[in-house]
Amino acid sequence: MTDAPSPAYKGPERVFSGMQPTNGLHLGNYLGALQKFVALQGKFQECIYCVVDLHAITAGPDPKELAAKSREVAAAYLAAGVDPKRSIVFVQSAVREHSELAWVFNCIARMGWLERMTQFKDKAGKHAERMSVGLFDYPVLQAADILLYKATHVPVGEDQKQHLELSRDIAQKFNNDYDAPGFFPLPEPLIQGPGARIMSLRDGSKKMSKSDPSDLTRINLTDDADAILQKVKKATTDPNPLPESKAGLAGRAEVENLVGIYAAVSELSVEDVLNEFGGKGFGAFKPALAEVLAVKLAPIAAEMRRLNADPAALDAILQDGAGRARAIAAPIMDEVRERVGFWRA
Ligand code: AQP
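Residues numbered from 1 in each chain as written. Predicted model: local features only at pLDDT ≥ 70, side-chain atom pairs only at ≥ 80, totals over all residues. Heavy atoms only, no water.

Asks: Sorry, what's going on with the pattern of salt bridges here?
Replies: Should their charged atoms come close, side chains of opposite charge can pair. In total, this model carries 19 salt bridges according to the counting rule given. A salt bridge links Asp215 to Arg218, with the nearest nitrogen and oxygen atoms 3.5 Å apart. Given a relative accessible area of 36%, Asp215 falls into the partly exposed group. Residue classification places Arg218 among the buried positions, given a relative accessible area of 6%. Asp320 is the salt-bridge partner of Arg324, the closest N and O atoms lying 3.1 Å from each other. Here Arg324 pairs with Asp320, and both are found in helix H13 (residues 311-340), just 4 residues apart, close to one helical turn. Among the residues examined, Asp320 registers a relative accessible area of 42% and is labelled partly exposed. (Salt bridge = Lys/Arg side-chain N within 4 Å of Asp/Glu carboxyl O. Buried < 20%, exposed > 50% of the residue type's maximum accessible area, 1.4 Å probe, protein only. Helix = DSSP H or I, 4+ residues; strand = E, 2+ residues; numbered from the N terminus.)

Asks: Honestly, the nonpolar core in this entry has me stumped. Any pointers?
Replies: One recurring pattern in soluble globular proteins: nonpolar side chains tend to sit buried together. Within the largest apolar cluster, 61 residues are counted, with the highest numbers of intra-cluster contacts made by Leu34, Tyr77, Val259, Phe285 and Leu293. No other element matches the 11 residues that helix H12 (residues 282-308) contributes to this core. The contacts of Phe285, once residues within four sequence positions are left out, are Leu242, Leu258, Val259, Tyr262, Val273 and Phe277. In terms of nonpolar packing, the next biggest core, distinct from the first, is built from 49 residues, Phe16, Met117, Leu135 and Leu166 among them. (Core = buried A, V, L, I, M, F, W, Y, C linked by side-chain atoms within 4.5 Å. Contact = heavy atoms within 4.5 Å.)

Asks: For this particular structure, what's the right way to read unusual backbone geometry?
Replies: Where the residue is not glycine, phi is negative for most of them; where a peptide bond is considered, it is trans in most cases. Positioned with a positive phi, Lys150 is a non-glycine residue whose angle comes to about 50°. The topology assignment puts Lys150 in the loop between helix H7 (133-147) and strand S4 (153-155).

Asks: It is not clear to me how the pairing of strand S2 (residues 47-51) should be interpreted in this structure. Could you clarify?
Replies: Burial runs high along S2: 5 of the 5 residues are buried. In terms of strand pairing, strand S1 (residues 15-19) meets S2 through 5 bridges, oriented parallel. Across the sheet, residue Ser17 finds its bridge partner in S2, namely Tyr49. Here S2 pairs with strand S3 (residues 87-91) via 5 bridges, running parallel. Residue Cys47 lies in a different strand from S3, and its bridge partner there is Ser87. (Pairing = 2+ DSSP bridges.)

Asks: Can you walk me through the site of the ligand in this structure?
Replies: Lining the immediate environment of the ligand, one finds 24 residues, of which Lys123, Asp159, Ser209, Lys210 and Ser211 sit closest. In this structure, an oxygen atom belonging to the ligand sits 2.8 Å away from a side-chain N or O atom of Thr22. When the ligand is considered free in solution it has 640 Å² of accessible area, and contact with the protein chains removes 98% of it. Those elements that provide at least two residues to the shell around the ligand are helix H1 (27-40) and helix H6 (118-124). A per-class count over the shell around the ligand returns 7 nonpolar, 12 polar and 5 charged. (Near = heavy atom within 4 Å. Polar contact = N/O pair within 3.5 Å; in protein donor to acceptor, adjacent residues only side chain to side chain. Areas by Shrake-Rupley, 256 points an atom, 1.4 Å probe, with all protein chains shown as cover. Nonpolar A, V, L, I, M, F, W, Y, C, P; charged D, E, K, R; others polar.)

Asks: Whenever I open this one, the environment of Lys233 confuses me. Can you help?
Replies: Tracing the backbone through its elements, the reader meets Lys233 in helix H9 (residues 225-234). Separated by 59 residues in sequence, Lys233 and Val292 have C-alpha atoms that sit 14 Å apart.

Asks: Sorry, what's going on with helix H4 (residues 97-106) here?
Replies: In an α-helix, one turn spans 3.6 residues; hence positions three or four apart end up facing the same way. Within H4, the full set of buried residues consists of Glu97, His98, Leu101, Ala102, Val104 and Phe105. In a view along the axis of H4, the buried residues occupy a sector of 160°, so they form one face of it. Contact partners of the buried residues in H4: S1, helix H2 (53-56), S3, H7, helix H8 (161-177) and H13. (Arc of directions from axis to C-beta.)

Asks: Sorry, what's going on with H9 here?
Replies: Looking at H9, one finds that the buried residues are Ile228, Lys231 and Val232. One face of H9 carries all of its buried residues, which in axial projection span an arc of 100°. Elements that come into contact with the buried residues of H9 comprise H12.

Asks: Would you mind going over the side chain of Lys210 with me for this structure?
Replies: One can find Lys210 in the loop between strand S5 (188-190) and H9. Among buried Asp, Glu, Lys and Arg side chains, Lys210 stands out as unpaired, with Asp159 the closest opposite charge at 8.2 Å. Only 3.4 Å separates the side chain of Lys210 from the backbone oxygen of Gln20, close enough to count as a polar contact. Setting aside anything within four residues of it in sequence, one finds Lys210 in contact with Gln20, Thr22, Asn23, Gly24, Leu25, His26, Asn29 and Arg218. (Lys, Arg positive; Asp, Glu negative; His and termini not counted.)

Asks: Please clarify how the environment of Asp62 should be interpreted in this entry.
Replies: Within the secondary structure layout, Asp62 lies in the loop between H2 and helix H3 (63-80). Each C-alpha atom of the pair Asp62 and Thr22 lies 10.0 Å from the other, and the pair is 40 residues apart in sequence. Among the polar contacts listed, one links the side chain of Asp62 to the backbone nitrogen of Lys64, at a separation of 2.9 Å.

Asks: Is there a simple way to explain the packing of aromatic side chains in this structure?
Replies: The description of an aromatic ring pair rests on the distance of the ring centres and on the angle between the ring planes. Throughout the structure, instances matching the rule amount to 15 aromatic pairs. Ring geometry for Phe105 against Phe174: centres 6.3 Å apart, planes inclined by 70°, an arrangement best described as edge-to-face. Placement of Phe105 in helix H4 and of Phe174 in helix H8 is noted, with a sequence separation of 69 residues between them. Under the relative-accessibility criterion, Phe105 is labelled buried at 0%. The exposure class assigned to Phe174 is buried, which follows from its relative accessible area of 0%. With 5.6 Å between their ring centres and 35° between their planes, Tyr262 and Phe285 make a pair best called tilted. Of this pair, Tyr262 sits in helix H10 (residues 253-266) while Phe285 sits in helix H12, and the two are 23 residues apart along the sequence. (Phe/Tyr/Trp six-rings, centres within 6.5 Å; stacked < 30°, edge-to-face > 60°.)

In C-alpha cells:
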C-alpha cells in the first residue's frame, strides 16, 4: 500500500474492523464494509474481523439473545467470503484487553473531542441526559479495538469517518503523553467505494440502519427474493421517470440511493445504470433492482443458514479466532501497562 499510516510507525500493516450484533446485517453493512473485508484479504497479510458485542450492550440487548446474535454476525462474515484461516474472526468480549485499553484511552481522550461526535448526537437525539455513558464513550472503545492490534487500516462505511479521526487523535496523544513516538500507528480509514453510504429505503436523508424500528427501511442479508421485491416496491420515490444523466439526480435523494444501490450491486457506474434506465419509470426499474439484489444476496443467505444450523462449528471458529487475537493483543497491552507505569510484581 502506498499510504504510510504514520511516518514514525515501523510495525507491520494490519487490517481491523468490526460490526455490532445489534440486529441482523443489512445491505449497507455489506456494501459499506463487509465486501471490503473480503477484498482486503488478498491485499494484506493480517486481517482481523471482530463481532463487537461490548459495543452492542450500549443498545441494551436481551442477554438471552446476545450470544446467538454474535454468532449470526460471524456467520454473515463467513458467508460473505471472510476466510477464517486467512483472517482472524472472533467476538470482542472474549479478549478482555479491549476493555482494559479502553479505560487507559478514557484517560487520554478529552470530553470536548467526544462531545463533537455526530453519531452520539444522532442516536441520543433530545435525550442525551438519559443515554448511557457507554454510548457516549463508544468511540473510545472503538479506538481501543483498533489500536489493541496496532491496526493500520480500517475498512468502514462513511458514517465511521469521524470516529476514525478520533482514533488517530487518541493514538497521537498517547504516543506524545507517554513519550512513545510511533508506538501506536495512526490508523487509516478505508472508506472509498460505491456503497460507502447506503440510505434508508423510506427516507433518503437517513442512513440504512440495523436499529431503525421499521424493517421496510432496509434490505437484510437474509431477506428472500419476495421480501426484497416487496421492500423495493415500497421504497420511497417520486412520480417522475429516472433521469438520463447524473445531474438529474440532484435533489432526488431516494432515487439517487436506489440508482447507487443498483450500480454498487451490479458493479456498474451510475452513468451505465442511467444509460439503461434513464427516461423509464419506476415500474420498470424497481423489479430490475429487486432482481439484481436477490441474485447477489441469495447465496450469502443460503450459506448463513447452513452456518447458523451448526453453532458448535461456529463456536470452534470463534474460539480459535479469539486465541489468535489474544496472542497479538496481550503483548501490546503489556507494553501499554508498562508505559503507563502500572504496578507489576
Ligand atoms: N447505511 C450504511 N451504508 C454504508 N455502510 C454502513 N455501515 C453501517 N451502515 C451503513 C457500516 O457497516 C459497519 C457496521 O458497523 P456497526 O455494526 O458498528 O454499526 P453502525 O455503523 O452504527 O451501523 P448500523 O448498521 O446502522 O447499526 P446500528 O443501527 O446498530 O447502529 C460500519 O463499518 C459502518 O460504517
